[in-house]
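# Close look at the chain arrangement
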Amino acid sequence: GVITIRPVSRTPTKTPTKTPTKTPTPGVITIRPVTRTPTPGVITIRPVTRTPTPGVITIRPVTRTPTPGVITIRPVTRTPTPTGQSIPGCSCTTWQNQTCGGGSCTNTQMYQTRACTPDKCLAETRCVTNASCPPVVTVPPTRTPTRIPTPTTTPVAKVVTLHSVIINNNKVTVSYYKNFSVCALLKNMNNVILHSTNYYCASGEQTITKDRSLFDSRLQIGIRVKLCHGQNNSICSDPVTVTSGVVPTNTPRPPTNTPQVPTSTPGGPTETPSPTSPDQLTPTPTGTACSRGELGNLDCSADSCIDTADFELFRQAFGQDVANITVPPGQHTPDLVVDSGNLIDTADYEILRSNFGSCQ
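Everything in this summary refers to the structure shown in the same document. The shown structure was predicted, so the numbers you read here are calculated from the model rather than taken from an experiment.

Across its full length, the protein holds 2 helices and 11 strands. When the helices and strands of the protein are placed in sequence order, the string is β-β-β-β-β-β-β-β-β-β-β-α-α. Looking at the protein as a whole, 25% of its 360 residues are labelled buried. Excluding contacts between residues fewer than 6 apart, the proportion of contacts in the protein whose partners are at least 24 apart in sequence is 54%. With the model as given, the accessible surface of the protein reaches about 26,500 Å², and the carbon-plus-sulfur share is 55%.

Taking strand neighbours across the sheet as the criterion, the 3 strands line up as β6-β7-β9 in an open arrangement whose pairing is antiparallel. Of all the strands in the sheet, just β6 (160–168) and β9 (204–211) have a single pairing partner and so form its edges. Here the average twist between neighbouring strands, direction ignored, is 15°.

In this section: the side chain of Ser-301. Tracing the backbone shows Ser-301 in the loop between β11 (240–241) and α1 (308–317). Judged by relative accessible area, which is 3%, Ser-301 ranks as buried. A distance of 3.1 Å separates polar atoms of two side chains, one belonging to Ser-301 and the other to Asn-297.

So, about the nonpolar core. In terms of nonpolar packing, the biggest core is built from 22 residues, with Leu-162, Val-165, Leu-186, Tyr-200, Leu-219 and Val-225 touching the most fellow members. Taken together, the elements giving at least two residues each to this core come down to β6, β7 (171–178), β8 (184–188) and β10 (224–229). With 4 residues, β6 is the largest single contributor of residues to this core. Discounting residues that sit within four places of it in the chain, Val-165 has contacts with Val-172, Thr-173, Val-174, Leu-186, Val-225, Val-240, Thr-241, Val-242 and Thr-243. Ile-306, Phe-314, Ala-317 and Ile-344 belong to the second-largest nonpolar core, a separate cluster that totals 11 residues.

Criteria and cut-off values
Residues numbered from 1 in each chain as written. Predicted model: local features only at pLDDT ≥ 70, side-chain atom pairs only at ≥ 80, totals over all residues. Heavy atoms only, no water. Helix = DSSP H or I, 4+ residues; strand = E, 2+ residues; numbered from the N terminus. Buried < 20%, exposed > 50% of the residue type's maximum accessible area, 1.4 Å probe, protein only. Contact = heavy atoms within 4.5 Å. Areas by Shrake-Rupley, 256 points an atom, 1.4 Å probe, with all protein chains shown as cover. Pairing = 2+ DSSP bridges. Axes fitted to C-alpha atoms, helices over the stretch in contact; angles between N-to-C directions. Polar contact = N/O pair within 3.5 Å; in protein donor to acceptor, adjacent residues only side chain to side chain. Core = buried A, V, L, I, M, F, W, Y, C linked by side-chain atoms within 4.5 Å.

Right, here's the structure in full:
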């Protein structure tokens with residue numbers, strides 16, 4: 001029942017010992033590390049603290065914390081080689097010419113190469129101006145000439161004209177004209193060839209005489225014959241009558257204009273008279289008068305046309321003397337120009353030619 005009161009014993013408080021303040025040394029920067037209380041269970045790695053050298057300011061590189069998942073590539077810094085100086089340990093051969101305009105060079109530059117060891121330690125190609133490289137010449141574009149179309153020429157028609165066939169003194173004289181190189185053949189009206197050897201091969205105006213024994217026996221005076229292309233029987237002359245007599249020295253060619261057949265002739269027939277025999281022309285009787293006989297109507301046809309029948313009569317008399325010509329009744333003399341020569345010549349032929357193809 002007694003309460004005892006004891007005094008509380010107090011632990012005396014220690015007075016903290018003060019760390020004496022150091023007086024800093026003039027000109028020296030003192031860096032003290034920060035003292036951290038370690039965390040239980042964590043290992044802390046602290047950088048090594050170096051004691052700075054008095055009077056020296058030390059600059060340390062900044063350490064960057066890398067970003068997770070990012071790879072940072074920093075360029076490598078190389079110290080450049082001064083211009084005009086070679087890299088130690090690099091040797092190259094002399095420059096060698098290759099070709100003008102080679103590589104990336106222009107046409108006026110020479111492409112040169114060399115080999116270096118180590119490989120490509122210095123430039124191994126270059127372009128230099130060289131006198132052997134020709135200058136660039138600008139060539140104007142060539143214009144393609146406009147082709148002039150070749151005019152189309154119409155082929156010349158093959159023509160053969162038989163002027164006369166004359167048998168005289170066992171000689172056969174054939175006068176003709178043709179414009180092709182193939183030999184022509186003398187045939188009768190039944191297309192029978194009257195000779196076995198080619199005689200009529202020359203082109204142009206020709207007069208060829210051969211022995212009668214070289215021809216077929218059917219070649220007789222008075223028959224009608226023609227001269228045909230040796231390879232094309234559709235190209236033949238007009239038929240002529242084989243005659244006897246003197247061979248003319250200059251046989252005229254028939255006029256080129258075509259005779260006109262009148263559609264209406266007063267006092268006469270409207271058709272051109274045709275021969276009554278295939279081997280001989282029969283003159284048309286005209287009574288006492290021969291209309292336009294002096295102009296070339298030698299057969300005195302009623303239509304007064306000057307045509308191939310008149311030309312044939314004239315051709316037979318051409319080159320002969322008037323005294324040797326017998327003009328049958330119903331015909332006009334071929335001596336159309338009366339002169340001192342008394343020959344059937346070119347003067348007479350000119351009258352016939354100028355009126356050929358005309359009618360009254």
